[in-house]
Amino acid sequence: MDAISQDSRLELVGAPGSPYTRKMLAWLRYKRIPYAIDWSNRKINEGYPPPKVSLIPTFYLPDDNGEIEAVVDSTPIIKRLDIEFPARSTTPPHPITRFLSDLVEDYADEWLTKIMFHYRWAYEEDAANAGSLLPFFRNIQVDDNQASVLEAAFTDRQINRLYVVGSNDVTRPIIEASYLRVIDILANLIQRNEFVLGSRPCPADFGIFGQFTQLSQIEPTSLAILAKRSQRVRAWVMRVEDLCGLEVDDEDWFEPEQAATELRDLLTEIGRTYVPVMLANSAAINGGESEFEAIVDGQRWAQPTFPYQAKCLQWIREAYFALDPEDRGTVMDYLSGTGCEKLI
């Protein structure tokens, strides 16, 4: 891929109701990278190439031939841009802490989004709120009649997609109990350290933040729960929105042993919920199945297979085996007993 000019302004398409858009905007602000965001998705009409998969945020970045291409998927975008814009790096310097950041970021992107989507569409009040709000994110000038048409169509489509993320009457208690636990874990973690891996943010922070922007600002039910349970977490989300003024130092990162100690509760939560779903999903895909079941926190979980999350599992394993043998052994010691060791 061609390098991006340090003097250029990154261009992207996004929406305030997208946790991944909010993740990336907060990351760009922290990095102090200039950007221009198109909220109305006019880029296609202006001749920009469409993405291979219609997801937001969509970044327009140079490919190997210097041609502009539409790029999606926040994790590899962060990895690329953190190399091309090395100032104020969010990449932990030690291979072990990098692996831990990758694991937590994946959990945020792929499990916490189940919680977010559940609270957005599983309850009537939340669905009515999101359905009437989201059309204006794309076009603030849309007339009321057209907005009502869009609201009805979008709400119906999204409610009918709840099963895709595994949200149903059987899994509701699993999802909602997980939300309560992760609030408590995050509140304790940021009280001690401010961020996941020390006193400066890593990609895992922005992944968690992105999902919590929706849970703490858009969905009425999840907001009410969070406000009652932890105002500290609400405040953290508001702070992470714009960290351009945060001054950081290389000494702000945890060493691996401290990171493992501080993250023990979060890793245990990941092993309790996300890991069994990842493993069952991967096994089902390998077996040619279209659906899978897992036992999560002692309860039955069932949903359609999700090929992308099988890729996530593969990427985590690749990151683990890319470590040198000594670091692999240390990581396995850190993960032992959390449930995350089953990923390897």
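Structure first, text after, so check above.
As the structure is a prediction and not an experimental result, all values here were calculated from the model.

A.B. asks: Just checking my understanding: could you explain the pairing of strand β3 (residues 58-62) for this structure?
C.D. replies: The side chains of a regular strand alternate, first on one face of the sheet and then on the other. Of all the five residues making up β3, five are buried; the element is thus mostly covered by neighbouring parts of the structure. The two faces of β3 match: Thr58, Tyr60 and Pro62 on one face and Phe59 and Leu61 on the other face are all buried. Pairing of strand β1 (residues 10-13) with β3, which is carried by three bridges, proceeds in the antiparallel orientation. Of the residues in β3, the one forming a bridge with Glu11 is Tyr60. With four bridges joining them, β3 and strand β4 (residues 68-71) adopt antiparallel strand pairing. Within the sheet, the bridge partner assigned to Pro62 lies in β4 and is Ile68. Two successive antiparallel strands, β3 and β4, enclose a turn made up of five residues, where Gly66 displays a positive phi of approximately 80°.

A.B. asks: How do you make sense of the packing of helix α4 (residues 124-138) against helix α9 (residues 220-229) when you look at a structure like this?
C.D. replies: The description of two packed helices rests on the angle between their axes and on the distance between the axes. The contact between α4 and α9 brings their axes to 8 Å, and the two run at 115°. When the axes of α4 and α9 are compared, the pair comes out roughly perpendicular. Across the interface between the two elements, Glu125, Asp126 and Asn129 of α4 pack against Pro220, Thr221 and Ser222 of α9. Classifying every residue of the contact of α4 with α9 gives one nonpolar, three polar and two charged.

A.B. asks: Even after reading the chapter, I still don't get the pattern of salt bridges, so can you show me in this structure?
C.D. replies: It is possible for side chains bearing opposite charge to pair when their charged atoms get close. Inspection of every chain in the model, using the stated rule, returns 18 salt bridges. Between Lys31 and Asp82 there is a salt bridge, with the nearest N and O atoms lying 2.6 Å from each other. One end of the pair, Lys31, is in helix α1 (residues 19-31); the other, Asp82, is in helix α2 (residues 74-84), with 51 residues separating them in the sequence. Each member of the pair Lys31 and Asp82 is classed as buried. A salt bridge links Asp297 to Arg181; its shortest N-O distance comes to 3.5 Å. Taken together, the positions of Asp297 in the loop between β5 (291-296) and β6 (299-304) and Arg181 in helix α7 (residues 172-193) put the pair 116 residues apart, joining distant regions of the chain. The exposure class assigned to Arg181 is buried, which follows from its relative accessible area of 16%. Connected through salt bridges with shared partners, the residues Arg181, Glu269, Arg272 and Asp297 form a single ionic network.

A.B. asks: Please clarify how the sheet that holds β3 should be interpreted in this entry.
C.D. replies: Strand pairing in a sheet relies on backbone hydrogen bonds. The paired strands run either parallel or antiparallel. The strand order across the open sheet formed by four strands is β2-β1-β3-β4, and the pairing between neighbours is mixed. Where the open sheet ends on each side, the last strands, each with one partner, are β2 (35-38) and β4. Strand-to-strand twist in this sheet, taken as the mean axis angle between neighbours without regard to direction, amounts to 30°. On the sheet, α1 packs against β1, β2 and β3 and is oriented at approximately 160° with respect to β2. Together, β1, β3 and β4 form the strand contacts of α2, whose direction differs from that of β3 by roughly 40°.

A.B. asks: Is there a simple way to think about the side chain of Glu110 in this case?
C.D. replies: Turning to its location among the elements, Glu110 is positioned in helix α3 (residues 95-121). Of the side chains with opposite charge, Lys114 comes closest to the buried, unpaired Glu110, at an N-O distance of 6.9 Å.

A.B. asks: Would you mind showing me how to read the pairing of β5 here?
C.D. replies: Residue alternation in β5 divides its side chains into a buried set, Phe292, Ala294 and Val296, and an unburied set, Glu291, Glu293 and Ile295. Note that β5 and β6 share six bridges and pair antiparallel. Pairing of Glu293 across the sheet is with Ala302, part of β6. Between the end of β5 and the start of β6, which pair antiparallel, lie two residues, with Asp297 showing a positive phi angle near 55°.

A.B. asks: Where do I start with the state of the cysteines in this structure?
C.D. replies: Here, disulfide denotes a covalent bond that connects the sulfur atoms of two cysteines. Tallying each qualifying case throughout the model produces zero disulfides. Not part of a disulfide, Cys244 finds its nearest cysteine sulfur in Cys202, a span of 19 Å. Here Cys244 falls in the partly exposed class, since its relative accessible area comes to 35%. A disulfide-free cysteine, Cys340 has its sulfur positioned 14 Å from the sulfur of Cys312, the nearest such atom. Residue classification places Cys340 among the buried positions, given a relative accessible area of 0%.

A.B. asks: Teacher, can you tell me more about α2 here?
C.D. replies: Owing to its 3.6 residues per turn, the α-helix brings residues three or four apart onto one side. The complete set of buried residues in α2 reads Ser74, Ile77, Ile78, Arg80, Leu81, Asp82 and Glu84. Close packing links the buried residues of α2 with β1, α1, β3, β4, α3 and α8 (203-217).

Criteria and cut-off values
Residues numbered from 1 in each chain as written. Predicted model: local features only at pLDDT ≥ 70, side-chain atom pairs only at ≥ 80, totals over all residues. Heavy atoms only, no water. Buried < 20%, exposed > 50% of the residue type's maximum accessible area, 1.4 Å probe, protein only. Helix = DSSP H or I, 4+ residues; strand = E, 2+ residues; numbered from the N terminus. Pairing = 2+ DSSP bridges. Axes fitted to C-alpha atoms, helices over the stretch in contact; angles between N-to-C directions. Parallel < 35°, antiparallel > 145°, perpendicular 65-115°, else oblique. Contact = heavy atoms within 4.5 Å. Nonpolar A, V, L, I, M, F, W, Y, C, P; charged D, E, K, R; others polar. Salt bridge = Lys/Arg side-chain N within 4 Å of Asp/Glu carboxyl O. Lys, Arg positive; Asp, Glu negative; His and termini not counted. Disulfide = S-S within 2.5 Å.

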